[in-house]
Amino acid sequence: MNASLRPSACPGLLRIVPALDGGICRVKLPGGVLRSAQARAIAEAARQHASGVLELTNRSNLQIRGVLPGQEAPLIDALLGAGLGPRVASADDVRNLLLSPAAGLDPQARMDVRPLASQLLDLLQDTPALHALSPKFALQLDGGEALAMREHPHDLWLAAEDDQHLLLGLSGCPVDTPLARIEATHAVELVRQLLLLFLELATPEQTRMRQLLADITPTELLQRLQARLNFTLQPAPPANGQPADSTSRAPAGIYPQAQSDLCMVAAGAQLGRLHAEQLLALAELSERHSDGELRLTPWQGLLLGNVPESASAELLAALGELGLLTHIDEPLLGLVACTGSAACARGLADSKHHALHLADLLRASGTRPQVHISACPRSCASARVQPYTLLASTPDHYQLYQRTPEVPGFGRLLAPAMTIDEAGAWFARQHPAGTPDA
């Protein structure tokens with residue numbers, strides 16, 4: 001692959017960006033699925049060419065941290081050899097399509113969206129004009145699964161109304177108020193024309209759909225889109241025809257599967273991180289107890305599907321022995337933290353260290369809030385706004401925010417400066433043990 005890569009601060013498989021702890025290489029996984037052989041290849045490459053530290057991202061992808069100086073090319077070659085790269089270099093950035101980790105398995109799903117997802121990924125890779133999209137421009141395909149992250153801010157989304165029809169939404173459009181309805185057979189052409197239209201209308205500064213919609217109304221955009229289509233955009237149905245709400249917490253434990261005598265087993269990675277040795281062990285477990293696939297989740301965890309019900313308890317215990325989070329009441333499942341000052345020049349505080357300390361405090365108090373700990377305002381670790389955000393203001397102090405519909409961004413400022421110990425005490429007072437999650 002000798003095509004030139006455009007400048008970007010976003011890491012990719014072919015564009016390794018520097019950080020305080022070494023280079024970062026981001027591997028985009030189709031549908032969030034990592035086959036066991038590929039997992040072994042990533043683990044070995046991370047041990048040989050990097051620090052061995054891996055991160056699970058909020059888009060169900062995987063990052064290799066600590067890439068060593070001079071080891072960029074051998075690392076990239078190893079990943080390409082495992083079939084983890086794009087078909088052409090310029091397509092790496094645009095392979096941004098999020099599915100539920102339970103796609104095709106969830107008993108609540110209205111449609112198995114995996115075949116359509118494959119077609120959409122082919123469209124993104126095989127249409128050179130679409131390679132001009134921003135590396136952050138993203139699509140979501142929602143089959144109606146119960147295990148789904150619907151708060152993720154995507155530029156456009158398609159949600160199954162039933163097994164034959166899809167609902168269309170754009171950035172900032174809630175899942176319960178779609179803009180149009182189409183037959184599923186028209187989805188690929190709809191996405192093709194909508195993305196090409198976006199590229200025609202957007203200025204160079206308008207890299208995301210929400211930025212374009214600041215200048216043009218969704219109604220006008222759909223009118224322009226309709227003029228390009230040889231099928232009709234149908235009116236959106238009433239809200240009671242929409243998919244269920246998102247799961248409120250990161251999944252962990254054993255979940256029913258649509259297929260008889262099989263189940264899904266989910267676990268979280270501690271603050272989104274694994275080590276290469278853990279990934280090697282996970283690859284082996286996926287072959288022994290599952291179908292040889294690891295499904296990464298937007299909660300920075302993983303799910304193994306097609307697990308015989310008789311083997312599920314043994315698998316869950318093995319995941320716990322590996323250091324993964326397997327109990328739904330574990331406070332770390334409710335915490336998201338960026339890499340912090342230990343590895344990022346922009347970070348004001350050691351957010352991951354502070355998150356571990358906060359988890360200890362929450363474990364002792366019995367409260368289980370959902371909190372984003374961010375070392376700077378960029379919010380790299382959490383694409384969606386969490387119920388609470390602790391934003392570093394000094395190496396030892398954070399501003400506390402609470403999400404509210406009336407205030408954009410992180411929400412309403414509750415406290416201008418508090419230590420992690422003070423934050424732990426505040427959450428214990430506001431959400432005593434036994435009360436519902438925040």
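- The protein carries the name Oxidoreductase in an unreviewed UniProt entry, which gives Ectopseudomonas composti as its organism.

### Comments concerning the nonpolar core
Thought 1: Leu34, Ile42, Leu62, Ile64, Leu79, Leu84 and Leu279 are the most contacted members of the largest nonpolar core, which totals 46 residues.
Thought 2: With six residues, helix α7 (residues 276-289) is the single largest residue contributor to this core.
Thought 3: Discounting chain neighbours no more than four positions away, the residues touching Leu279 are Leu34, Ala39, Ile42, Ala43, Leu54, Leu62 and Leu294.

### Notes on the layout of surface pockets
Thought 1: Here the second largest pocket is characterised by a volume of approximately 510 Å³.
Thought 2: Lining the second largest pocket are 25 residues, and of these Leu29, Pro30, Gly31, Val33 and Leu121 lie nearest its centre.
Thought 3: Broken down by secondary-structure element, the contributors of at least two residues to the lining of the second largest pocket are β3 (33-35), α3 (114-126) and β14 (293-296).
Thought 4: Top contributing element to the lining of the second largest pocket by residue count: α3, with six residues.

### Points about empty space enclosed by the protein
Thought 1: Taken as a whole, this structure holds four cavities of 30 Å³ or more when the rule is applied.
Thought 2: When its volume is computed, the largest cavity comes out at roughly 270 Å³.
Thought 3: Along the walls of the largest cavity sit 24 residues, with Trp299, Gln300, Leu333, Val336 and Gln386 positioned nearest its centre.
Thought 4: Volume-wise, the second largest cavity comes out at about 90 Å³.
Thought 5: Contributing to the lining of the second largest cavity are 13 residues, with Arg59, Asn61, Arg95, Asn96 and Leu97 lying nearest its centre.
Thought 6: Looking at the lining of the second largest cavity, its residues break down into six nonpolar, four polar and three charged.

### Some details on the UniProt feature "domain: Nitrite/sulphite reductase 4Fe-4S" (unreviewed entry) in the protein
Thought 1: The UniProt feature table records "domain: Nitrite/sulphite reductase 4Fe-4S" (unreviewed entry) at residues 91-229.
Thought 2: Secondary structure within residues 91-229 divides into 29% helix and 15% strand; the distance between the first and last C-alpha atoms comes to 25 Å.

### So, the pattern of salt bridges
Thought 1: Within the structure shown, the criterion is met by 22 salt bridges.
Thought 2: Arg192 serves as the salt-bridge partner of Glu189, at 3.0 Å between the closest nitrogen and oxygen. Residue Glu189 and its partner Arg192 are located together in helix α4 (residues 187-201), separated by three residues, close to a single helical turn.
Thought 3: Taking relative accessible area as the criterion, Glu189 reaches 28% and is therefore assigned partly exposed.
Thought 4: For the salt bridge of Arg224 with Glu220, the shortest nitrogen-to-oxygen distance reads 3.2 Å. Highlighted residues: Arg224 and Glu220, both in helix α6 (residues 218-226), separated by four residues, approximately one helical turn.
Thought 5: Ionic contacts of the salt-bridge type, sharing partners, join the residues Asp21, Glu55, Arg65 and Arg273 into one network.

### Let's talk about the sheet that holds strand β9 (residues 165-170)
Thought 1: With mixed pairing, five strands are arranged side by side in an open sheet as β6-β7-β8-β9-β10. Each edge of the open sheet is held by one strand with a lone partner, namely β6 (97-98) and β10 (180-183).
Thought 2: Both strand β7 (residues 139-142) and strand β8 (residues 156-160) contribute to a ladder of four bridges, which runs parallel. Residue pairing for β8: Asp142 is matched across the bridge by Ala159.

### A word on the packing of aromatic side chains
Thought 1: Applying the stated criterion across every chain, the model contains five aromatic pairs.
Thought 2: Ring centres of Tyr401 and Phe410 lie 5.8 Å apart, and the angle between their planes is 50 degrees; this geometry places the pair in the tilted category.
Thought 3: These aromatic residues form a ring-pair network of at least three members: Tyr388, Trp426 and Phe427.

### Side note on the environment of Gln108
Thought 1: Its place among the elements puts Gln108 in the loop between β6 and α3.
Thought 2: As a C-alpha pair, Gln108 and Leu13 span 95 residues in sequence and 34 Å in three-dimensional space.
Thought 3: The contacts of Gln108, once residues within four sequence positions are left out, are Gly144 and Ala146.

### Quick word on the sheet that holds strand β20 (residues 407-418)
Thought 1: Read from one edge of the open sheet, five strands run β16-β17-β18-β19-β20, paired in mixed fashion. The sheet is open, and its two borders are formed by β16 (335-337) and β20, each paired with just one other strand. The mean inter-strand angle of the sheet, taken between neighbouring strand axes irrespective of direction, is 25 degrees.
Thought 2: Judged from the four bridges that link them, strand β17 (residues 371-374) and strand β18 (residues 388-392) form a sheet pairing that is parallel. Bridge pairing links His372 to Thr389 in β18.
Thought 3: Helix α9 (residues 351-365) rests against β16, β17, β18 and β19 (398-404) of the sheet, and its axis sits at about 165 degrees to β16.
Thought 4: Sheet strands touched by helix α10 (residues 420-430): β17, β18, β19 and β20. Its angle to β20, the strand with the most contacts, is close to 110 degrees.

### A short note on the side chain of His354
Thought 1: Within the secondary structure, His354 is located in helix α9.
Thought 2: Each residue touching His354, except ones within four places of it in the same chain, is listed here: Ala349, Pro395, Asp396, Tyr398 and Ile420.

### Looking at the pairing of β14
Thought 1: Looking at chain direction, β3 and β14 are connected through three bridges and run antiparallel. Its bridge partner being in β14, Val33 is matched across the sheet by Arg295.
Thought 2: When β14 meets strand β15 (residues 301-308), the two strands line up antiparallel, connected through two bridges. Directly across from Leu296, in β15, lies its bridge partner Leu302.

Conventions adopted
- Residues numbered from 1 in each chain as written.
- Predicted model: local features only at pLDDT ≥ 70, side-chain atom pairs only at ≥ 80, totals over all residues.
- Heavy atoms only, no water.
- Core = buried A, V, L, I, M, F, W, Y, C linked by side-chain atoms within 4.5 Å.
- Buried < 20%, exposed > 50% of the residue type's maximum accessible area, 1.4 Å probe, protein only.
- Helix = DSSP H or I, 4+ residues; strand = E, 2+ residues; numbered from the N terminus.
- Contact = heavy atoms within 4.5 Å.
- 1 Å grid on protein atoms, 1.4 Å probe; cavity = no way out; pocket = protein on both sides within 12 Å on 5 of 7 lines; lining within 4 Å.
- Points joined across faces, edges and corners; volume = space filled by probe spheres on them.
- Nonpolar A, V, L, I, M, F, W, Y, C, P; charged D, E, K, R; others polar.
- UniProt positions renumbered as here; feature names shortened; annotations may be inferred.
- Salt bridge = Lys/Arg side-chain N within 4 Å of Asp/Glu carboxyl O.
- Pairing = 2+ DSSP bridges.
- Phe/Tyr/Trp six-rings, centres within 6.5 Å; stacked < 30°, edge-to-face > 60°.
- Axes fitted to C-alpha atoms, helices over the stretch in contact; angles between N-to-C directions.

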